[in-house]
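# Coordinate inspection notes
So the chains spell out like this:
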Amino acid sequence: MTLKVGVIGTGMIGQDHIRRLTQVLSGAVVTGVTDIDLERAASAAPMGAQVFDTPQALIGSDEVEAVVICSWGPAHEEQLLTCIAAGKPVFCEKPLVTSAEAALRVMEAEVAFGRRLVQVGFMRRFDADYRRLKAVIDGGTLGLPLMYKSVHRNASVPAGLYTSDMPLNDTLVHDADISRWLLNDEVAEVEVRLPRRSRQGCDLRDPHIVLLHMVSGVIVDVEISVNIAYGYDIRGEASCERGVAALPNRPATVISDAHGIRQAIPEDWRERFLEAYDQEFREWIVAASDGTATGPSTWDGYAATLVGDAALRAVASGVREPISLIEKPALYGPPVARAA
Ligand code: NAP
């Protein structure tokens, strides 16, 4: 059976996901697209796909069995709620939504529907290196994890479009989600430290050190540098009771030439996580064809939203900001146990 997919938002990542669904993966066909800019939608539409005037028309169409949302964050809530009301599985790019209240409204609708329909685009969970790291931590041979270091470096960000709050309410969501997932934990408090400001790029508050104090007592330190000039560099290292487990630096090609021996650095997230995005959609197609979702859930999107909110509060207050999650609905699995 081939899953008929409609894509909302045909900008940068929407076009990449259309390519993925159309040219790379099997099991799905893009039957509909829409965008605020209908000309952009028309030019991104693969052969045979219908261009819909509105997201509502796309979601309501009999030719669309499952939806991929790649519009900008503030539009996600309404589009997610329309998908849930129609009972259609939906893959939503991060952020799930842009406020805790909106996340709760989406969660309430999905819980009332009674089955998971929403998958959030936290693609790192589908990356083979992160999966191997999680297997080592979960395997327990190194003992309990005590600290986790997450490094998130971008060569540059678009001047004018990327603002000083975005390292915390846009970029940090990936580090927050992967830390929660790797450690099987929730974030209890968030602290932010601001080192010397980089002169690189525009007048942004950059870099940031974010400390995530987890419910278990593990501390995660996140470095976010968004204008570091040399490339897109993602690192992760768990310090445990009897050893350390770390991601390899990717890609692994070692270049030897007249300048010495060095490893190439990916230019951006598309190159670093190419295979993770493919795997994320491979697993989504299987789940959505079964009328449901897998991997990062509405709960995970909600938790990441609260971390971003708390990080912004922590910049202003200079102290640890607490996170208060609602009781986890059973639909999203068991709650994290509190520290003894
Ligand atoms: P983009 O290039 O600006 O594309 C977004 C597209 O959606 C634009 O064509 C935009 O039109 C359109 N749009 C905005 N509001 C809409 C609405 N209400 N209905 C229909 N279309 C609408 O942005 P992008 O980089 O592709 O990012 C899209 C989403 O993916 C964002 O939520 C972003 O955070 C996420 N993302 C995730 C990752 C990841 O690592 N998982 C990476 C990149 C992006 P206008 O330009 O005219 O507003």
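Residues numbered from 1 in each chain as written. Predicted model: local features only at pLDDT ≥ 70, side-chain atom pairs only at ≥ 80, totals over all residues. Heavy atoms only, no water.

## Brief notes about the overall build of the chain
A tally of regular secondary structure across the chain gives ten helices and 15 strands. Along the three orthogonal principal directions, the C-alpha set of the chain runs to about 55 × 55 × 40 Å. Out of the 340 residues belonging to the chain, those deemed buried represent 51%. Restricting the contact set of the chain to residue pairs at least 6 apart, pairs at least 24 apart contribute 71%. (Helix = DSSP H or I, 4+ residues; strand = E, 2+ residues; numbered from the N terminus. Buried < 20%, exposed > 50% of the residue type's maximum accessible area, 1.4 Å probe, protein only. Contact = heavy atoms within 4.5 Å.)

## Quick look at empty space enclosed by the protein
Rolling a probe over the atoms, with the probe sized like a water molecule, indicates the empty space that remains. Under the defined criterion, the tally for this structure stands at one cavity of 30 Å³ or more. Each pocket or cavity is described by its volume, and for the largest cavity that value is around 30 Å³. In this structure, the largest cavity is lined by Y232, D233, I234, N249, R250, P266 and R272. Among the residues making up the lining of the largest cavity, the classes are represented as three nonpolar, one polar and three charged. (1 Å grid on protein atoms, 1.4 Å probe; cavity = no way out; pocket = protein on both sides within 12 Å on 5 of 7 lines; lining within 4 Å. Points joined across faces, edges and corners; volume = space filled by probe spheres on them. Nonpolar A, V, L, I, M, F, W, Y, C, P; charged D, E, K, R; others polar.)

## Digging into helix α9 (residues 274-289)
When the terminal C-alpha atoms of α9 are compared, their 23 Å separation across 16 residues agrees well with the 22 Å that a helix rising 1.5 Å per residue should span. For α9, the set of buried residues is A276, Y277, D278, E280, F281, W284, I285, A287 and A288. Within two residues after α9, G291 carries a phi angle of roughly 80°, on the positive side. (Expected span 1.5 Å × (residues − 1).)

## Comments concerning the sheet that holds strand β11 (residues 233-240)
The strand order β12-β11-β7-β10-β9-β8-β15 describes an open sheet built from seven strands, whose pairing is mixed. Among the strands making up the open sheet, the edge pair consists of β12 (243-246) and β15 (321-322). In this structure, strand β7 (residues 145-153) lies alongside strand β10 (residues 219-225), joined through seven bridges in parallel fashion. Of the residues in β10, the one forming a bridge with Y148 is V220. Each of β7, β8 (187-193), β9 (208-214) and β10 touches helix α7 (residues 166-183); the most contacted strand, β9, lies at about 35° to it. (Pairing = 2+ DSSP bridges. Axes fitted to C-alpha atoms, helices over the stretch in contact; angles between N-to-C directions.)

## Focus on the layout of surface pockets
Estimated volume of the second largest pocket: approximately 290 Å³. Along its surface, the second largest pocket is lined by 17 residues, and R180, W181, N184, D300 and K328 are the ones closest to its centre. When its residues are assigned to classes, the lining of the second largest pocket shows six nonpolar, four polar and seven charged.

## Description of helix α1 (residues 12-24)
Between its first and last C-alpha atoms α1 spans 17 Å; for 13 residues at 1.5 Å apiece the expected length is 18 Å, and the two agree. Where α1 is concerned, the buried positions are I13, G14, D16, H17, I18, R20 and L21.

## Examining the sheet that holds strand β5 (residues 90-92)
Taken in spatial order, the six strands line up as β3-β2-β1-β4-β5-β6 in an open sheet, and their pairing is parallel. Where the open sheet ends on each side, the last strands, each with one partner, are β3 (50-51) and β6 (118-120). When strand β2 (residues 28-34) meets β3, the two strands line up parallel, connected through two bridges. If you follow V33 over to β3, its bridge partner there is V51.

## What to know about the domain arrangement of the chain
Taken domain by domain, the chain consists of domain 1 (3-121 + 276-297) and domain 2 (124-273 + 302-332). Of the residues lining the interface, 28 residues belong to domain 1; the matching set on domain 2 comes to 18 residues. Carbon and sulfur atoms supply 70% of the area buried between domain 1 and domain 2, which totals about 2000 Å² over both sides. Where domain 1 touches domain 2, the interface holds two salt bridges. A salt bridge links E283 to R131; the nearest nitrogen and oxygen atoms lie 3.0 Å apart. Inspection of the domain 1/domain 2 interface yields five residue pairs in polar contact (both at pLDDT 80 or more). (Domains from an automatic or database assignment. Buried area = accessible area lost by both parts, 1.4 Å probe. Salt bridge = Lys/Arg side-chain N within 4 Å of Asp/Glu carboxyl O. Polar contact = N/O pair within 3.5 Å; in protein donor to acceptor, adjacent residues only side chain to side chain.)

## Quick notes on the site of the ligand
Lining the immediate surroundings of the ligand are 24 residues, of which I13, D35, R40, K94 and Y277 lie closest. Separating an oxygen atom of the ligand from a side-chain N or O atom of H174 is a distance of 3.3 Å. Side-chain polar atom of Y277 to an oxygen atom of the ligand: 2.7 Å apart, as the coordinates give it. A total of 910 Å² of accessible area belongs to the ligand in isolation, and the protein chains cover 77% of it. Mapped onto the shell around the ligand, the elements with two or more residues apiece are α1 and α4 (76-86). Looking at the shell around the ligand residue by residue, the classes come out as twelve nonpolar, eight polar and four charged. (Near = heavy atom within 4 Å. Areas by Shrake-Rupley, 256 points an atom, 1.4 Å probe, with all protein chains shown as cover.)

## Quick word on the pattern of salt bridges
Under the counting rule described, the total for this entry stands at 31 salt bridges. Note that R320 is salt-bridged to E191, the shortest N-O span being 3.8 Å. Remark: E191 occurs in strand β8 and R320 occurs in the loop between α10 (298-317) and β15; sequence separation between them is 129 residues. Relative accessible area serves as the criterion here: at 43%, R320 is assigned to the partly exposed category. In this structure, D233 and R235 form a salt bridge, with 2.7 Å as the shortest nitrogen-oxygen distance.

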